[in-house]
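Given next are the chains, with one letter for each unit.
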There are 2 protein chains.
Amino acid sequence: MCDLLRINTDRGVMLNDGKSRFSINGKPIYHFVGGSTFSEYTVCHIGSVAKINPAAPLDKVCILSCGISTGLGAALNVAKPKKGHTVAVFGLGAVGLAAAEGARLSGASRIIGVDLNPSRFNEAKKFGVTEFVNPKDHDKPVQQVIIEMTDGGVDRSIECTGNVRAMISAFECVHDGWGVAVLVGVPGKDDEFKTHPMNLLNERTLKGTFFGNYKPRTDLPGVVEKYMNKELEVEKFITHSIPFSEINKAFDYMLKGEGLRCIIRMEG
Amino acid sequence: MCDLLRINTDRGVMLNDGKSRFSINGKPIYHFVGGSTFSEYTVCHIGSVAKINPAAPLDKVCILSCGISTGLGAALNVAKPKKGHTVAVFGLGAVGLAAAEGARLSGASRIIGVDLNPSRFNEAKKFGVTEFVNPKDHDKPVQQVIIEMTDGGVDRSIECTGNVRAMISAFECVHDGWGVAVLVGVPGKDDEFKTHPMNLLNERTLKGTFFGNYKPRTDLPGVVEKYMNKELEVEKFITHSIPFSEINKAFDYMLKGEGLRCIIRMEG
């Protein structure tokens, strides 16, 4: 957690002079999330740049730079399920699928995927999800459904939706005594996480993570190496590859919630 | 966390037949917290009994059986401060003083005691507390005061009051990136722990503990050994020693909040 970079990522301007390096017709265009990578050339703060294996195909590993590493790291670095553990993953978008993949790589034997959209369930199997729960199919709170399915609660749960109700469910469905819940999704500004403190006193742990606890500059090159060594399959995360000229199509897919994980190809 | 014993501790009757072993004039008197130790003879579930070093003086080590072990374990087993860490302890009653002692034994270099009662501050120094904060002395929330004192927050905080506002403050005063807050105090039935989930996403950890994560039967004998080996000074935790015939005096002291940690001596 680097304060300097965090501020730099959010502010949309370079740190040294508080100005943008982009403009159109004299009007400034602000930097986006420290990278502004929808541009042929860009200017980044040194902290936003990581040197990766030059042999890595950029049109694939670029997908590791945000959600995928976040979900993967949430499992591998924070939730750390043990062999044979049961893990619940809330939200089966890109981040949740990566979290499931991380749980699978850790040796979890049951991975319960939770999503409101049943069309996501089939694909999630590729990422190790073994069971599915759609909260809409039940009259009782989803945490109670999961506690009953698992005879007391899951060993680990990972919340990847950003919905505060899902966060609370993810925490309340872990087992007393050793359960760990990890919050990954970015909440709304006015959201409140609420639970009865007795849930904590029963020896549960609640954690959150930013970028899966990876330090981008030092740790991302290692994630790329995992792909190069075939420990991590990046291809299955990619659903579409779209040329830059059709970038708005990609945004349309995303807004329709079709579980798009897309590569935008720069041309020329 | 043994479900069987937990139920047995709360229910006031023996597990096998659901009945009490005490009565007065034919009216049952219920078992208290699995021990009923204000009685000359008692009947306990085997799980409520721990075999300790027979050389240990019972009129001293009896004080290890609840709050003191809880606070000590909250520091040593759960918060686990590292050498040089800064630790905040909320509530300077018996449990909080034991938590401070645990932090001191772990090598914490700053221990910030938080209490509404300034008369507790002086004695707390004996338990390693180096600085004091009385929330009443400040217009801003105590978490903000502590964040300013520590330039970003404490490494560990341990909440020993049971007050849900103190729980929230204890969590919100830990440092982003690595801070761990441990809840020890027993909350009210209708209390709600509330915080903005972003506090968690900033890589903080929130944990709770019951009996300091010690398993009574297997771990309490080891805590007694710490006393026998002079690693742990039990005497400084004892403020009064009162004969059984004056037990109500002890309750009076307790209700007055005078920070009583008392041995009740059985006579005859």
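You'll find the structure just up there.
None of these values were measured; they are calculated from a predicted model.

Structural notes on the overall build of chain A
Alright, step 1. When helices and strands are counted, chain A shows ten helices and eleven strands.
Alright, step 2. For chain A, the C-alpha radius of gyration of 19 Å lies close to 18 Å, the compact-globule estimate for 268 residues.
Alright, step 3. Across the 268 residues that make up chain A, the buried fraction comes to 47%.
Alright, step 4. Taking all contacts inside chain A whose residues are at least 6 apart in sequence as the whole, residues at least 24 apart take part in 62%.
Alright, step 5. Accessible surface computed for chain A: about 13,500 Å², of which carbon and sulfur atoms make up 53%.
Alright, step 6. When the 32 basic and 30 acidic side-chain charges of chain A are each reduced to a single mean position, those positions are 4 Å apart.

Overview of the pattern of salt bridges
Alright, step 1. Under the counting rule described, the total for this entry stands at 20 salt bridges over all chains.
Alright, step 2. Residue aspartate 115 of chain A pairs with arginine 120 of chain A through a salt bridge whose shortest N-O separation is 3.2 Å.

What to know about the interface of chain A and chain B
Alright, step 1. Contacts between the two partners involve 33 residues from chain A, matched on the other side by 33 residues from chain B.
Alright, step 2. Across the chain A to chain B interface the summed buried area is about 2,600 Å²; carbon plus sulfur atoms make up 61%.
Alright, step 3. Counting the contacts that link chain A with chain B gives zero salt bridges.
Alright, step 4. On the surface where chain A and chain B come into contact, there are 17 residue pairs in polar contact (both at pLDDT 80 or more).
Alright, step 5. Looking at the side of chain A that touches chain B, the elements with two or more residues in it are helix H7 (164-172), strand S8 (193-195), helix H8 (198-201) and strand S9 (205-208) of chain A.
Alright, step 6. For the side of chain A that touches chain B, the element with the highest residue contribution is S9 of chain A, accounting for four residues.
Alright, step 7. Here the side of chain A that touches chain B is composed, by residue class, of 14 nonpolar, ten polar and nine charged.

Details of the relation of the copies chain A and chain B
Alright, step 1. Of the transformation placing chain A onto chain B, the axial shift is 0.0 Å and the rotation is 180°, giving an RMSD of 0.1 Å. Put plainly, the chains are arranged around a two-fold axis.
Alright, step 2. Counting the interface residues of chain A, we find that 100% of their copies in chain B are interface residues as well, pointing to one common contact surface.

A few points about the packing of helix H3 (residues 67-79) of chain B against helix H4 (residues 94-106) of chain B
Axis angle and axis distance: for two packed helices, these are the angle between their axes and the distance between the axes, and together they describe the pair.
Residue and element names in this part refer to chain B.
Alright, step 1. The interhelical angle for the contact between H3 and H4, taken along N-to-C directions, is 40°, at an axis separation of 7 Å. Crossing of H3 against H4: the hand is right-handed. Contact residues: Gly67, Ile68, Thr70, Gly71, Leu72, Ala75 and Leu76 in H3; Ala94, Val95, Ala98, Ala99, Glu101, Gly102, Ala103, Leu105 and Ser106 in H4.

Rules used in this analysis
Sequence order as written defines the numbering, with residues in each chain counted from 1. Here chains are named by letter from A upward and ligands by number from 1 upward, in the order in which they appear as written. The predicted nature of this model means local features are confined to residues of pLDDT at least 70 and side-chain atom pairs, given and counted, to a pLDDT of 80 or more, with totals for whole chains, interfaces and linings taken over all residues. Side-chain measures here rest on the full set of heavy atoms in the structure, leaving out hydrogens and waters. Counting from the N terminus, the helices are DSSP H or I runs at least four residues long and the strands are E runs at least two residues long. Two things to know: the radius of gyration comes from C-alpha atoms, and the globule rule equals 2.2 Å times the number of residues to the power 0.38. Exposure classes here rest on a 1.4 Å probe applied to the protein chains alone. A residue is buried below 20% of its type maximum, exposed above 50%, and partly exposed in between. When checking whether two residues touch, look at their non-hydrogen atoms; a contact exists if any pair is within 4.5 Å. Reported accessibility uses the Shrake-Rupley method at a 1.4 Å probe radius. Residues are deemed covered only where the shown protein chains occlude them. Here the positive residues are Lys and Arg and the negative ones are Asp and Glu; neither His nor the chain ends is included. Where a charge sits is defined by one atom per residue type, namely NZ (Lys), CZ (Arg), CG (Asp) or CD (Glu). Every case where a carboxyl oxygen of Asp or Glu lies within 4 Å of a side-chain nitrogen of Lys or Arg is listed as a salt bridge. A quick way to say it: buried area is the sum, across both parts, of accessible area lost when two parts are put together, with a 1.4 Å probe. Polar contact is defined as a pair of N or O atoms within 3.5 Å, subject to the rule that within protein one atom must be able to donate a hydrogen and the other to accept it, and that residues adjacent in sequence are counted only when both atoms are side-chain atoms. The residue classification treats Ala, Val, Leu, Ile, Met, Phe, Trp, Tyr, Cys and Pro as nonpolar and Asp, Glu, Lys and Arg as charged. All others, Gly included, are polar. Least-squares fitting of one copy onto the other uses the C-alpha atoms of those residues that reach a pLDDT of at least 70 in both copies. Helix axes are fitted only over the stretch in contact, all axes being lines through C-alpha atoms; the angle between N-to-C directions runs from 0 to 180 degrees. Handedness of a crossing follows from how the near helix is turned relative to the far one, being left-handed for an anticlockwise turn of less than a right angle and right-handed for a clockwise one.

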